[in-house]
Amino acid sequence: MCGIVGYVGKQKAAAIILEGLKRLEYRGYDSAGVCVLQAGKLDVAKKAGRVEVLVKEAARHKFTGTSGIGHTRWATHGGVTDANAHPHVSSDGKLALIHNGVIENYAGMKKFLAGKGYTFKSETDTEALCNLIAYHYAKEPAPKNGGSRFLESVRKALRHVEGTYGIAVLCADCPDEIVAARKASPLVLGVGDQEYILASDAAAIVSRTQNVVYLKDGELVHITPRAFAISTLDQADVSPVVDTITWKVGDADLNGYAHFMEKEIFEQPQALENTMRGRFAEDGSTAQFGGLNLSAAEFRQIDRLLFCACGSAWHACLVAEHLVESFARVPVEVDYASEFRYRNVPLDRNTLCWVISQSGETIDTLAALREAKRKGHRVLAINNVVGSTIAREADGGVYQHVGPEIGVASTKAFTSQLLLGAMIALYIARMRDMSFSDGVQYVQSLKGAPDLVRTVLKQAPKIRKIAKKYAKHADFLFLGRLSLFPVALEGALKLKEISYIHAEGYPTAEMKHGPIALVSEQCPSVFLVPKGDVFNKIVSSMQEIKARKGPIIAVVTAGSEIPPGVADEVIPIPDCHPAVLPIVATIPVQLLSYYIALERGCDVDKPRNLAKSVTVE
Ligand code: M6R
């Protein structure tokens, strides 16, 4: 939930670290700091506020050192203050530490260390770990066989930690060295030309190198100017695997858009194409996936699916449930990952579990995956971030291939998850009762989705006008039925996240069982109105809202006629296959939320209290 960066090389470290922090700011943005080792001293600049505040502060320090660490924070322990910002320096001045995660047993550590004379300047859990490393460093005997006292003191301290961490540590006695380690918080090492750059996410690395090593849980890396070495908490050496990042630095830039959210909304046609590429069978009647590690015969044995996720990814699971049950006729259960991990759910032998996570680092989703695996179930994953923890721990899975999603509000990752859910439904359906010709039609419809999304995006100016008209309202309802109920939930979540408007998503017909009490001239309802069996029922629900003077914004499929005077605003979407409908219907609610947030002057990409990737419970 924080971003960390470390640098060892020949360049001035501070500029590279600050640039990396800007790229990681989506992970946390309430305070930031940098520490550079120069002339044997740990020089720290840190401030509450955004990275741009830190940039000004850092300029005053005139950093010249070639090794350093930096951090952008999403507060867990202790308020948003300069003192609580990272890096933290041990009270003996020997060590500086940055941390992403939570040290659960920090209180006991602090008590122990206070008894040994260590002092604390912050309210954070991190400072306890920093002093614990310093304590071990002070006690560590001179190294034998060329070993490192610095590395061994970090290793010893970490053995006492309960909780999660991605850390990077500098030592005043060890110029141009960093020791870093991870447990349940991501850490990637970039291996550049005579330099190493370490970060929570490849976004901070890609401008310097595309060669990376993804650290695993329980691993430490010791970086020196000439080399790096990976080992475990038990002191076993690990042979590094160097991967290549497939995306380039420009992919994580705004490229002329005002916000990442806007860019990512408009990138969706291309993102959907990338998600589908190479994933249809040659006969054009079904989907194919390379990394499931499950044979078709094994797939046929499955008689139940369980999907787990959080936030928008959970909404994508609900759509997948609808499509798998409708087309493949296999029962599906959907659970919040955060509930599943503690619910002790009875699962039978032939249940296949799926977890969905854009980042692949969401701690609740990771814990759900581990819990299902512990019970002996095979778990597959849908992830966007290559090499993420969930992607590595799953038994198999599918990458989304939509490139980096930087905006805190998920957009292109969400529609790509909807697409993959539709493809999984097709894949299983074609193993069961779906005919060849229905399969071909389904595939053709999915292939047409990017163009349909392009059509809807052309309505952005119209949606912007609607947003302007309704931006001052304090409450919204989003109503949808069947596969569009989760899209209603997603619309409400988007609006809440980025414009701080109270919004609720409901199945349309449920509205009269309570939420209708909210309806007034002050509470607009966004109706998702597809053609088909329930069209007339939805129109009746709209009439009920209208009778109570509630303004109505209707997202309506082409060819459906809403009776005059019922909807105040109509946003048409193309009529399409049921597998594509949720994707197409999502675009107007994304645009509406984005433009309402703009009207209200909100910080769209960095909404208050949120961070992109939730790596704490
Ligand atoms: O990275 P994940 O897909 O696991 O993230 C799950 C949620 O935290 C995420 O979808 C969140 O709800 C977004 N901010 C929604 O816009």
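Above this text you will find the structure in question.
Before going into details, it helps to say that this report is about the structure given with it. Because the structure is a prediction, the values reported are computed rather than measured.

**Description of the side chain of Ser231**
1) Next: Turning to its location among the elements, Ser231 is positioned in strand β13 (residues 228-232).
2) Next: When near neighbours in sequence (up to four residues on either side) are disregarded, Ser231 contacts Arg155, Gly218, Glu219, Leu220, Ala236, Asp237 and Val238.

**Some details on unusual backbone geometry**
1) Next: For the bond running from His86 to Pro87, omega is 0 degrees, close enough to zero to count as cis.
2) Next: Summarising the element assignment, Pro87 is placed in the loop between β4 (67-73) and β5 (88-89).
3) Next: Phi is positive for His401, which is not a glycine, with a value near 60 degrees.
4) Next: Residue placement: His401 occurs in the loop between β20 (396-399) and α13 (412-431).
5) Next: Positive phi, close to 70 degrees, is recorded for Lys549, a residue that is not glycine.
6) Next: With respect to the helices and strands, the residue Lys549 is situated in the loop between α17 (535-546) and β24 (552-557).

**Some words on the site of the ligand**
1) Next: Near the ligand there are 14 residues, and of these Ser357, Gln358, Ser359, Thr362 and Glu497 occur at the shortest range.
2) Next: Residue Ser312 places a main-chain N or O atom 3.0 Å away from an oxygen atom belonging to the ligand.
3) Next: One of the backbone nitrogen or oxygen atoms of Val408 is found 3.0 Å away from a nitrogen atom of the ligand.
4) Next: Relative to its unbound accessible area of 420 Å², the ligand is 90% covered by the protein chains.
5) Next: Those elements that provide at least two residues to the shell around the ligand are α9 (311-328) and α16 (485-499).
6) Next: Each residue belonging to the shell around the ligand can be placed in one class, and the counts come to five nonpolar, seven polar and two charged.

**With respect to the sheet that holds strand β7 (residues 163-171)**
1) Next: Overall, antiparallel pairing links the seven strands, which are arranged β5-β6-β7-β8-β12-β13-β14 in an open sheet. Strands at the two margins of the open sheet, each flanked by one partner only, are β5 and β14 (237-238).
2) Next: Sheet analysis places strand β8 (residues 178-183) next to strand β12 (residues 219-223), joined by five bridges and oriented antiparallel. Looking at the pairing, Ala181 lines up with Leu220 of β12.

**Examining the pattern of salt bridges**
Opposite charge on two side chains permits them to pair, given that their charged atoms come into close proximity.
1) Next: Counting across every chain of the model gives 30 salt bridges.
2) Next: For Glu333, the salt bridge goes to Arg343, with nearest N and O atoms at 3.6 Å. Note that Glu333 is positioned in strand β17 (residues 332-336) and Arg343 in helix α10 (residues 337-343), a separation of ten residues in sequence.
3) Next: Assessed through its relative accessible area of 23%, Glu333 is described here as partly exposed.
4) Next: What emerges from the salt-bridge pattern is a single network uniting Arg182, Asp217, Arg370 and Glu393.

**Quick word on the nonpolar core**
1) Next: By size, the foremost hydrophobic cluster in this structure holds 95 residues, and its most contacted members are Phe299, Leu305, Trp354, Leu446 and Phe476.
2) Next: No other element matches the 13 residues that α13 contributes to this core.
3) Next: Excluding its chain neighbours within four sequence positions, the residues that come into contact with Leu446 are Met276, Phe280, Leu419, Ala422, Met423, Ala579 and Val580.
4) Next: If you look at the next biggest cluster of nonpolar residues, it comprises 33 residues, including Leu18, Tyr26, Val34 and Ala203.

**Observations concerning the packing of helix α3 (residues 106-115) against helix α4 (residues 126-139)**
1) Next: One way to put it is that α3 packs onto α4 with a least axis distance of 9 Å and a crossing angle of 45 degrees. As judged from the angle between their axes, α3 and α4 are oblique. Considering the relative orientation of α3 and α4, their crossing is left-handed. From α3, Tyr106, Met109, Lys110, Phe112 and Leu113 reach across to α4, where they touch Ala128, Leu129, Asn131, Leu132 and Tyr135.

Calculation criteria
Every chain begins its residue count from 1, and numbering advances along the sequence as written. Where local features are concerned, this predicted model is filtered to residues with pLDDT of at least 70; where side-chain atom pairs are given and counted, the filter is 80 or more; whole-chain, interface and lining totals use all residues. Only hydrogens and water are set aside; all other atoms, that is, all heavy atoms of the structure, feed into the side-chain values. Under the DSSP-based scheme used, a helix requires at least four consecutive residues in state H or I and a strand at least two consecutive residues in state E, with every element numbered from the N terminus. Here, residues are in contact when the closest pair of their heavy atoms is within 4.5 Å. Whether a residue is near a molecule or strand is decided by its heavy atoms; if any one of them lies within 4 Å of it, the residue is near. As used in this structure description, the phrase polar contact means that two N or O atoms lie within 3.5 Å; if the pair is within protein, one of them must be able to donate a hydrogen and the other to accept it, and residues adjacent in sequence are counted only when both atoms belong to side chains. Throughout, the Shrake-Rupley method with a 1.4 Å probe supplies accessible areas, and for residues the shown protein chains are the sole cover considered. For this scheme, ten residues count as nonpolar: Ala, Val, Leu, Ile, Met, Phe, Trp, Tyr, Cys and Pro. Four count as charged, namely Asp, Glu, Lys and Arg, and the remainder, Gly too, count as polar. What makes two strands pair is DSSP finding at least two bridges between them. Only one rule defines a salt bridge in this text: a Lys or Arg side-chain nitrogen within 4 Å of an Asp or Glu carboxyl oxygen. A 1.4 Å probe rolled over the protein chains alone gives each residue an accessible area, and that area as a share of the maximum for its type sets the label: buried under 20%, exposed over 50%, partly exposed in between. Side-chain atoms within 4.5 Å are what join buried Ala, Val, Leu, Ile, Met, Phe, Trp, Tyr and Cys residues into a set we call a nonpolar core. A fitted line through C-alpha atoms serves as each axis, taken over the contacting stretch for helices, and the angle formed by two N-to-C directions is quoted from 0 to 180°. In these notes the angle categories are as follows: under 35 degrees is roughly parallel, over 145 is roughly antiparallel, 65 to 115 is roughly perpendicular, and the rest is oblique. We call a crossing left-handed when the near helix sits turned anticlockwise from the far one by less than a right angle, and right-handed when that turn is clockwise.

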